[in-house]
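These are the residues of each chain, in order.
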Amino acid sequence: MNMKIVAILIFTLFVAITMADSDQKCNDNEEWKECGTKCPDTCLNHNILDRSCVKMCVAGCFCRTGFIRLGYDANGGNGRCVPIDYCDLIPHKSFNE
């Protein structure tokens, strides 16, 4: 086999492994999934029945079993993963009030 081809294959493999590893670093209480939901449950929405969501695979970090997204953060995201019981401590207003 030609040395140039071997070098290119090794380089390509190195780049692929490096990129895959960097994409899979998640925060505490999170795990990497290749096919997670576009609309994760949060403390703010987990009690809403029949909420609409685009059925679409999304690769990324998702809460581990027993944890849920807080529902908000300073950057407009869904926040960190907290124990599901933590949601009971957050005061919610009902839409019927």
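Here, every reference points to the structure presented above.
Model, not experiment: these values are computed from the prediction.

### Notes on the state of the cysteines
Per the counting criterion, the structure on display carries five disulfides. At a sulfur-sulfur separation of 2.0 Å, the disulfide partner of Cys 43 is Cys 87. Its S-S torsion of about -75° marks the bond between Cys 43 and Cys 87 as left-handed, since a negative value means left-handed. Of this pair, Cys 43 sits in the loop between strand E1 (30–36) and strand E2 (58–63) while Cys 87 sits in the segment after strand E4 (81–83); the two residues are 44 residues apart in sequence, bridging distant segments of the chain. With respect to burial, Cys 43 and Cys 87 carry one shared label: buried. Here Cys 63 is linked by a disulfide to Cys 81, with a sulfur-sulfur distance of 2.1 Å.

### Let's talk about unusual backbone geometry
For Asn 29, which is not a glycine, the phi torsion comes out positive at approximately 65°. As for its placement among the helices and strands, Asn 29 is situated in the loop between helix H1 (3–23) and E1. Classification of Asn 29 as partly exposed rests on a relative accessible area of 28%. The phi torsion at Asp 50 lies on the positive side, around 55°, for a residue other than glycine. Examined against the element boundaries, Asp 50 turns out to sit in the loop between E1 and E2.

Reading guide: rules and limits
Residues numbered from 1 in each chain as written. Predicted model: local features only at pLDDT ≥ 70, side-chain atom pairs only at ≥ 80, totals over all residues. Heavy atoms only, no water. Disulfide = S-S within 2.5 Å. Helix = DSSP H or I, 4+ residues; strand = E, 2+ residues; numbered from the N terminus. Buried < 20%, exposed > 50% of the residue type's maximum accessible area, 1.4 Å probe, protein only.

Keep in mind these values describe shape, not function.
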